[in-house]
Amino acid sequence: MAIIRWILGRLILLIDALTAPRGVKRASELQESLDRHTAQLALYQFKACPFCVKVRRFLRKHTLNIETRDAKGDAQHREALLTGGGKIKVPCLRIEDEQGGSRWLYESSEIIRYLEQQYLQPAPASR
């Protein structure tokens, strides 16, 4: 079973590499502002997890520069995920607020929805 999982993981990574989406081009000031806002985020993930690949492809497609942390190969990141989030489940987005508190968001669709709402929606027009 481990061999099959390894082969499938490599196949997922190969397909991801061959079909990688291009990122959005933004004005440098806008991209820098977006990068500052997303600097408080970290995505805990396993490299070959299909749901993690889904989130990483979304990040790449929308040029959201969010730190990814390998919760499988790095014991410190795995422990931080368990301690902070309460379980070793990926993908998981760690959202740090201005007061230093953290919120842990699981599920690829929920993570994508959060990122769309927080960073990709147009700002409301001022009156």
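Calculation rules
Residues numbered from 1 in each chain as written. Predicted model: local features only at pLDDT ≥ 70, side-chain atom pairs only at ≥ 80, totals over all residues. Heavy atoms only, no water. 1 Å grid on protein atoms, 1.4 Å probe; cavity = no way out; pocket = protein on both sides within 12 Å on 5 of 7 lines; lining within 4 Å. Points joined across faces, edges and corners; volume = space filled by probe spheres on them. Helix = DSSP H or I, 4+ residues; strand = E, 2+ residues; numbered from the N terminus. Nonpolar A, V, L, I, M, F, W, Y, C, P; charged D, E, K, R; others polar.

Caption draft 1: Local environment of the layout of surface pockets. Taken as a whole, the largest pocket spans an internal volume of roughly 320 Å³. Lining the largest pocket are 13 residues, and of these R5, G9, R10, A48 and K72 sit closest to its centre. In terms of residue count, helix α1 (residues 2-18) provides more of the lining of the largest pocket than any other element does, six residues in total. A class-by-class count of the residues in the lining of the largest pocket yields seven nonpolar, one polar and five charged. Here the second largest pocket defines a volume of roughly 220 Å³. Together, H37, Q40, L41, I95, E96, D97, E98, Y114, Q118 and Y119 line the second largest pocket. Listed by contribution, the elements that provide at least two residues to the lining of the second largest pocket are β3 (92-96) and α5 (108-120). With three residues, α5 is the single largest residue contributor to the lining of the second largest pocket. A class-by-class count of the residues in the lining of the second largest pocket yields four nonpolar, three polar and three charged.

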